[in-house]
Amino acid sequence: MIQAIAFYLFAAIVIVSAALTITSRNPVHAVLWLILAFFNAAGLMVLVGAEFIAMLLVIVYVGAVAVLFLFVVMMLNVDFAELRAGFVRYAAIGLAFAVALVSEAVMALWGYSAGAIELARRTAPTPDKVPNIQAIGDLLYTRYLFVFEAAGLVLLVAMIGAIVLTHRERGGTRPQNIARQIARRPQDATRNTQPVVGGGIEL
Amino acid sequence: MTSFFTYRLGMPFEWAWFVATIMDILLIALPLMLAVAMLIYADRKIWAAMALRRGPNVVGPFGLLQSFADGLKVFLQETIIPTAANKTLFLIAPIITFTVALIVWAVVPFAYQAPLANINVGLLYVLAASSLGVYGIILAGWSSNSKYPFYSAIRAAAQMVSYEVAIGFVLISVVMYAGSFNLGDIVENQKGYYGFVNGHWSNPLLFPMAVVFFISSLAETQRAPFDLTEAESELVAGYQTEYSSMSFALYWLGEYANVILMCALNATLFWGGYLPPFDWAPLYVVPGILWLFAKILFFFFVFSWVKATVPRYRYDQLMRLGWKVFLPLSLIFVFVISGWLMVTRVGLPA
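Residues numbered from 1 in each chain as written. Chains lettered and ligands numbered in written order. Predicted model: local features only at pLDDT ≥ 70, side-chain atom pairs only at ≥ 80, totals over all residues. Heavy atoms only, no water.

Peer 1: What is the right way to look at the UniProt feature "transmembrane region" (unreviewed entry) in chain A in this model?
Peer 2: Residue and element names in this part refer to chain A. As recorded in UniProt, the sites labelled "transmembrane region" (unreviewed entry) are residues 6-23, 30-48, 54-78, 90-112 and 144-165. Split by type, residues 6-23 is 100% helix and 0% strand. Its first and last C-alpha atoms lie 26 Å apart. Helix makes up 95% of residues 144-165 and strand 0%, with an end-to-end C-alpha separation of 32 Å. (UniProt positions renumbered as here; feature names shortened; annotations may be inferred. Helix = DSSP H or I, 4+ residues; strand = E, 2+ residues; numbered from the N terminus.)

Peer 1: Even after reading the chapter, I still don't get the environment of B:Ile172, so can you show me in this structure?
Peer 2: All names here are of chain B. Turning to its location among the elements, Ile172 is positioned in helix 6 (residues 147-178). On the basis of relative accessibility, which here comes to 39%, the residue Ile172 falls in the partly exposed class. Along the sequence, Ile172 and Leu331 sit 159 residues apart, while their C-alpha atoms lie 9.7 Å from each other. (Buried < 20%, exposed > 50% of the residue type's maximum accessible area, 1.4 Å probe, protein only.)

Peer 1: So what exactly am I meant to see when it comes to the domain arrangement of chain A here?
Peer 2: It is common to give the size of an interface as the accessible area lost on bringing the parts into contact. One can read the domain layout of chain A as domain 1 (1-79), domain 2 (86-117) and domain 3 (129-166). Inter-centroid distance (C-alpha atoms) of domain 1 of chain A to domain 2 of chain A is 22 Å. (Domains from an automatic or database assignment.)

Peer 1: How should the interface of chain A and chain B be read in this particular structure?
Peer 2: Listed by partner, the interface residues are 25 residues for chain A and 26 residues for chain B. A buried area of about 2,300 Å², summed over both sides, lies between chain A and chain B, and 79% of it is on carbon and sulfur atoms. Counting the surface chain A buries against chain B, the share from its top three residues, A:Ile2, A:Met55 and A:Met74, is 22%. Taken together, the links from chain A to chain B amount to three residue pairs in polar contact (both at pLDDT 80 or more). With 13 residues, helix 3 (residues 51-76) of chain A is the single largest residue contributor to the side of chain A that touches chain B. Along the lines of polarity and charge, the residues of the side of chain A that touches chain B split into 20 nonpolar, four polar and one charged. (Contact = heavy atoms within 4.5 Å. Buried area = accessible area lost by both parts, 1.4 Å probe. Polar contact = N/O pair within 3.5 Å; in protein donor to acceptor, adjacent residues only side chain to side chain. Nonpolar A, V, L, I, M, F, W, Y, C, P; charged D, E, K, R; others polar.)

Peer 1: How should I be thinking about a nonpolar patch on the surface in this particular structure?
Peer 2: A grouping of A:Leu153, A:Leu156, A:Val157, A:Met159, A:Ile160, A:Ile163 and A:Val164 is seen on the molecular surface, where their side chains present a nonpolar patch of about 680 Å² in accessible area. Looking at the element boundaries, A:Ile160 is found in helix 8 (residues 145-166). (Patch = residues over 30% accessible without salt bridge, like charges linked within 9 Å, V, L, I, M, F, W, Y side chains within 5 Å. Areas by Shrake-Rupley, 256 points an atom, 1.4 Å probe, with all protein chains shown as cover. Salt bridge = Lys/Arg side-chain N within 4 Å of Asp/Glu carboxyl O.)

Peer 1: What's the story with the UniProt feature "transmembrane region" (unreviewed entry) in chain B in this structure? I'm lost.
Peer 2: Residue and element names in this part refer to chain B. Using the residue numbers shown here, the UniProt feature "transmembrane region" (unreviewed entry) corresponds to residues 15-42, 89-111, 123-142, 163-181, 201-219, 249-271, 283-305 and 325-343. Secondary structure within residues 15-42 divides into 100% helix and 0% strand; the distance between the first and last C-alpha atoms comes to 40 Å. Taken end to end, residues 283-305 has its terminal C-alpha atoms 28 Å apart, with 78% of it in helix and 0% in strand.

As structure tokens, then:
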């Protein structure tokens, strides 16, 4: 019973907050509703026993991606009224996307409840008692090793590309050289003198 | 406790589970609040002693009740909400900080296999919950609609995200040694190590990671020397500037609850958690929870010690330490440790 209550609670919050993400006027509020949706989706995943994916969803999306969204939205002062101005112009394209997504969802549902083979395969994706980190790891590092490594490589290239594209060498700055600062001793920088009264010192 | 309610009181299982869980949560949260009050007092006393002052010594014997007097004062103050603030978010922000500081305690093992929730992704849960902590601060900064809190929020977000990267790698090296994400299993895997506190003290591969984790946990909780978010000479009181009364008190409690949590994590991940300092039978007579408390108190003392003695970092130094020192260092150690474990546990590839 508790599971059912939790499921309906999480599911309802996901749907409501997803709807509010689209409709809210303030962009910061929209991002916050999106975060709430992510968070409750993670709750749903815990309920179906995919705790590893749930934690990753929270760490990656809520902890990193959404923070960046929030930053950008807070900094850029995005005006949603301006963005809404072209609603009629883009309505057709939006509708096309909506139809495509809905038909995909329907096809996925058909495929899901298709045959006996599919049902049997679905009942025990991993043996009981195997934590799903281990189950995923066993597959990821054996059968899908090269695909996994290739995905990592693509991400690395993307990251280096982003750095190369945005990095600017600025002339005229005087960056710190930490090693030089640490290596500097008092005797290199200071001098103990005994000047005569009114004599001053040579610099 | 669930079985007590089911068999002794004859409750249906689900109700028994519900009541037992609520009681367990209270059993953790209420002593934690008391500990926060006492540790704020301890923090001030340690800080005062290092500065050759007396510290709080008026309210109650030795000033022991100082935190409660402060709490009462804050409680009786008027809650001021700036007119230009985004009211809902302004009030939600401290609640987020406080809640996030409490929920992580669910997976901390207080004795053998005795956390509130014994989940096998415990360490990931800790990472996930601590990555939520940044929202309390960003929202406070943004919703106050005031420039100093906003600067502070940006600093805090960048700081916490940067140090979480290093913390992630450190945690991976711990997980590789323990072979599990469950905090209870991680502690059990430290059993039998010869070392000062039954941890990885004697392990030259993990000890540097323990140091990196400790320093990162100072940065993650925004304690001195990384307290740039509350740098009072630049930012008034940082993201808390516009807060007053209970909403301010929630930040205060949340901050210290986070500090205690980080001390507990340091103890659990590297210094044997609830295990006694030596693997020697008579020491096991003392309940594990007391060993854990002793270790938490030790780390808290070190936190205060650092606060009293180390000057504040500059912001560029903070970023340099996180990205140019800790990140490469912990990444190298992940490589070295995985190589070492492969050679010692699996053997060299043929």
